[in-house]
Amino acid sequence: MYKVNQIAYENGKHWVLEKASGWFEVYKIGITHSTKCATVHYSDRPQYALERAIIECDRREVTEC
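In what follows, the accompanying structure is described. Model, not experiment: these values are computed from the prediction. (Residues numbered from 1 in each chain as written. Predicted model: local features only at pLDDT ≥ 70, side-chain atom pairs only at ≥ 80, totals over all residues. Heavy atoms only, no water.)

Taken as a whole, this structure holds three aromatic pairs when the rule is applied. Relative to Tyr48, the ring of Tyr42 has its centre 4.8 Å away and its plane inclined at 75°; by these criteria the two rings are edge-to-face. Its relative accessible area of 32% is what places Tyr42 among the partly exposed residues. Here a set of aromatic residues connected by ring pairs shows up, and it is made of Tyr2, Trp15 and Tyr27. Here the basic side chain of Arg45 rests over the ring of Tyr48, its NZ or CZ set 4.2 Å away from the ring centre. (Phe/Tyr/Trp six-rings, centres within 6.5 Å; stacked < 30°, edge-to-face > 60°. Buried < 20%, exposed > 50% of the residue type's maximum accessible area, 1.4 Å probe, protein only. Lys NZ or Arg CZ within 6 Å of the ring centre and 35° of its normal.)

Turning our attention to the side chain of Glu56. The residue Glu56 is located in helix H1 (residues 46-64) in this model. One polar contact links Glu56 to Arg60, side chain to side chain, over a distance of 2.7 Å. Sequence-distant contacts of Glu56, defined by excluding residues within four places in its chain, comprise Val26 and Ala38. (Helix = DSSP H or I, 4+ residues; strand = E, 2+ residues; numbered from the N terminus. Polar contact = N/O pair within 3.5 Å; in protein donor to acceptor, adjacent residues only side chain to side chain. Contact = heavy atoms within 4.5 Å.)

A few words now on H1. A rise of 1.5 Å per residue sets the reference length of H1, with its 19 residues, at 27 Å; its end C-alpha atoms lie 26 Å apart and thus fit the reference within 8%. For H1, every residue scored as buried is listed here: Ala49, Leu50, Ala53, Glu56, Cys57, Arg60 and Glu61. Buried residues in H1, looked at end-on, bunch into an arc of 135°, giving them a common side. Across H1 from its buried face, at more than 90 degrees, point the exposed residues Val62 and Thr63. Against strand E1 (7-11), strand E2 (14-20), strand E3 (23-29) and strand E4 (34-41) lie the buried residues of H1. (Expected span 1.5 Å × (residues − 1). Arc of directions from axis to C-beta.)

Taking strand neighbours across the sheet as the criterion, the four strands line up as E1-E2-E3-E4 in an open arrangement whose pairing is antiparallel. A single partner strand is all that each edge strand has here, and the edge strands are E1 and E4. Direction aside, the axes of adjacent strands within the sheet are offset by 20° on average. Alignment of E1 against E2, held across four bridges, turns out to be antiparallel. Following the sheet pairing, Ile7 is matched in E2 by Leu17. (Pairing = 2+ DSSP bridges. Axes fitted to C-alpha atoms, helices over the stretch in contact; angles between N-to-C directions.)

Scope: geometric values only; no functional claims are made or implied.
Pasting the structure below:
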């Protein structure tokens, strides 16, 4: 189970989960649950990983809705 403080970013039907330092997953909200769409992992550059995850989240929000 994930905690609310693990949500790093939200944009419409997509959101970013911080799994660990430098490891983020992008999810799409569904009717009963969210589905993982992408994983971004840069263990040596956690801030870069977050930036890339946000970009991926925004891209998916524009192209999939």
